[in-house]
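Residue strings, one per chain:
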Amino acid sequence: MNALKLIRYAAWAAVFALAAVAGLVAFGMKPGGNPGSMPLAAQIGGPFSLLSHEGRRFTDKDLLGKPFALFFGFTNCPDVCPTTLLELTNRMAELGPLAKDLAVVFVTIDPEHDTPPFLKTYLSNFDPRILGLTGTPTEIASIAKAYRALYQKVPTSTGYTMNHESSVYLMNKAGKFVGTLNYQEPDDVQRKKLERFLAAN
């Protein structure tokens, strides 16, 4: 148990470090700076091939030419995932036409449970433009590695839960990382980040 705790603490420390650095990459730059120009940006993102919540094969190439926000989570998540999806739903409504070309992608890190039909039902509670993706454990591990997103299956008394990255990755229309939205940051901060992000795309 002590070893498991140490592993979990180390993993979450790395998650928080990534989120902090990612935020600096995207929004801590001086005016006139070039988002995505720092070395970390080149290391986040990459090719993938998964199944959509409609049961169709979906790849990174389907996102080329449009800005997108990508988020890792799972449908049994008690707090972070539904809160984040609701926040994204609200921001998209507030931004109106500015968000018309924004793709929002929810990638499950619990493919054993989150099949396409299950994802479809779950996402029906949020903006219909949000796309759910699942796949084999190997495929999920591959995209998580590409986005440097940490997750871990944790046994519980009733089964298991998942620890995971809580940031939303903002990727430009060329598929390059430019920043993050962070869990439960103020609504106006999220909105301003998205406005800047979309205006640049």
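Provided above is the structure to which this section pertains.
Remember, it's a predicted structure, so these values are computed and weren't measured experimentally. (Residues numbered from 1 in each chain as written. Predicted model: local features only at pLDDT ≥ 70, side-chain atom pairs only at ≥ 80, totals over all residues. Heavy atoms only, no water.)

Engineer: When you look at the overall build of the chain in this model, what are you seeing that I'm missing?
Structural biologist: Helix and strand counts for the chain come out as 5 helices and 9 strands. Taken from N to C terminus, the helices and strands of the chain fall in the order α-β-β-β-α-β-α-β-α-β-β-β-β-α. Counting over 201 residues, the chain shows a buried share of 45%. Across the chain, every contact between residues at least 6 apart in sequence was considered, and the portion connecting residues at least 24 apart equals 71%. Accessible area for the chain stands at about 10,100 Å²; split by element, carbon and sulfur atoms hold 59% of it. (Helix = DSSP H or I, 4+ residues; strand = E, 2+ residues; numbered from the N terminus. Buried < 20%, exposed > 50% of the residue type's maximum accessible area, 1.4 Å probe, protein only. Contact = heavy atoms within 4.5 Å. Areas by Shrake-Rupley, 256 points an atom, 1.4 Å probe, with all protein chains shown as cover.)

Engineer: How should the nonpolar core be read in this particular structure?
Structural biologist: Nonpolar side chains tend to gather and get buried jointly when the protein is soluble and globular. In terms of nonpolar packing, the biggest core is built from 50 residues, with Leu 70, Phe 72, Phe 106, Val 107, Tyr 147 and Tyr 169 touching the most fellow members. In this structure Leu 70 touches Val 105, Val 107, Ile 143, Tyr 147, Ser 167, Val 168 and Tyr 169, once residues within four positions along its chain are discounted. (Core = buried A, V, L, I, M, F, W, Y, C linked by side-chain atoms within 4.5 Å.)

Engineer: Help me understand the packing of aromatic side chains in this model?
Structural biologist: For any pair of aromatic rings, the description rests on two quantities: the centre-to-centre distance and the angle between the ring planes. For the structure on display, the rule yields 7 aromatic pairs. Ring centres of Tyr 169 and Phe 177 lie 6.3 Å apart, and the angle between their planes is 65 degrees; this geometry places the pair in the edge-to-face category. Here Tyr 169 matches Phe 177 in class, with each residue buried. Members of the aromatic cluster, each reached through a chain of ring pairs, are Phe 71, Phe 106, Tyr 122 and Phe 126. When the ring centre of Tyr 160 is taken as reference, the NZ or CZ atom of Lys 153 above it lies at 4.2 Å. (Phe/Tyr/Trp six-rings, centres within 6.5 Å; stacked < 30°, edge-to-face > 60°. Lys NZ or Arg CZ within 6 Å of the ring centre and 35° of its normal.)

Engineer: Is there a simple way to think about the state of the cysteines in this case?
Structural biologist: Joining two cysteines, a disulfide is a covalent bond between their sulfur atoms. Tallied over the entire structure, the rule returns 0 disulfides. The cysteine Cys 77 is free of any disulfide, with Cys 81 supplying the nearest cysteine sulfur at 3.1 Å. (Disulfide = S-S within 2.5 Å.)

Engineer: Looking at this model, I keep getting lost on the pattern of salt bridges. Mind explaining?
Structural biologist: Note that side chains of opposite charge can pair when their charged atoms are close. Under the counting rule described, the total for this entry stands at 9 salt bridges. Between Arg 91 and Glu 94 there is a salt bridge; the shortest N-O distance is 2.9 Å. One end of the pair, Arg 91, and the other, Glu 94, are both in helix α2 (residues 80-95), 3 residues apart, so they sit about a helical turn from each other. Several salt bridges share partner residues, and in doing so they unite Arg 91, Glu 94, Asp 187 and Arg 191 into one network. (Salt bridge = Lys/Arg side-chain N within 4 Å of Asp/Glu carboxyl O.)

Engineer: Could you clarify how one ought to interpret unusual backbone geometry in this entry?
Structural biologist: Glycine aside, residues mostly have negative phi angles, and peptide bonds mostly take the trans form. Phi at Arg 148 is positive, roughly 55 degrees, even though this residue is not glycine. Relative to the elements of secondary structure, Arg 148 occurs in the loop between α4 (137-146) and β6 (151-156). Note on Arg 148: relative accessible area 42%, which makes it partly exposed.

Engineer: Honestly, the sheet that holds strand β8 (residues 168-171) in this entry has me stumped. Any pointers?
Structural biologist: Note on sheets: strands pair through backbone hydrogen bonds, and any given pair is parallel or antiparallel. Here we have 7 strands laid out as an open sheet, ordered β2-β1-β5-β4-β3-β8-β9, and mixed in their pairing. Lying at the two open borders of the sheet, with one neighbouring strand each, are β2 (57-59) and β9 (177-181). For this sheet, the mean angle separating the axes of adjacent strands, direction not counted, is 35 degrees. As defined by bridge partners, strand β3 (residues 68-73) adjoins strand β4 (residues 103-108) across 6 bridges and the pair is classed as parallel. Following the sheet pairing, Phe 72 is matched in β4 by Val 107. (Pairing = 2+ DSSP bridges. Axes fitted to C-alpha atoms, helices over the stretch in contact; angles between N-to-C directions.)

Engineer: What is the right way to look at the pairing of β9 in this model?
Structural biologist: For β9, the buried fraction is high: 5 of the 5 residues fall into the buried class. In the sheet, β8 pairs with β9 via 4 bridges, with the strands oriented antiparallel. Counterpart to Tyr 169 in the pairing with β9 is Thr 180. Two successive antiparallel strands, β8 and β9, enclose a turn made up of 5 residues, where Gly 175 displays a positive phi of approximately 80 degrees.

Engineer: Could you clarify how one ought to interpret the packing of α2 against helix α5 (residues 187-199) in this entry?
Structural biologist: Each packed pair of helices is defined by two parameters, the angle between the axes and the distance between the axes. Running from amino to carboxyl end, α2 crosses α5 at an angle of 60 degrees, the nearest separation of the two axes being 10 Å. Between α2 and α5, the interaxial angle falls into the category oblique. Here the hand of the crossing between α2 and α5 comes out right-handed. Together, Glu 87, Arg 91, Glu 94 and Leu 95 of α2 and Asp 187, Gln 190, Arg 191, Leu 194, Glu 195 and Leu 198 of α5 make up the contact between the two elements. Here the residues of the contact of α2 with α5 are counted per class, giving 3 nonpolar, 1 polar and 6 charged. (Parallel < 35°, antiparallel > 145°, perpendicular 65-115°, else oblique. Left-handed = near helix turned anticlockwise from the far one by under 90°. Nonpolar A, V, L, I, M, F, W, Y, C, P; charged D, E, K, R; others polar.)

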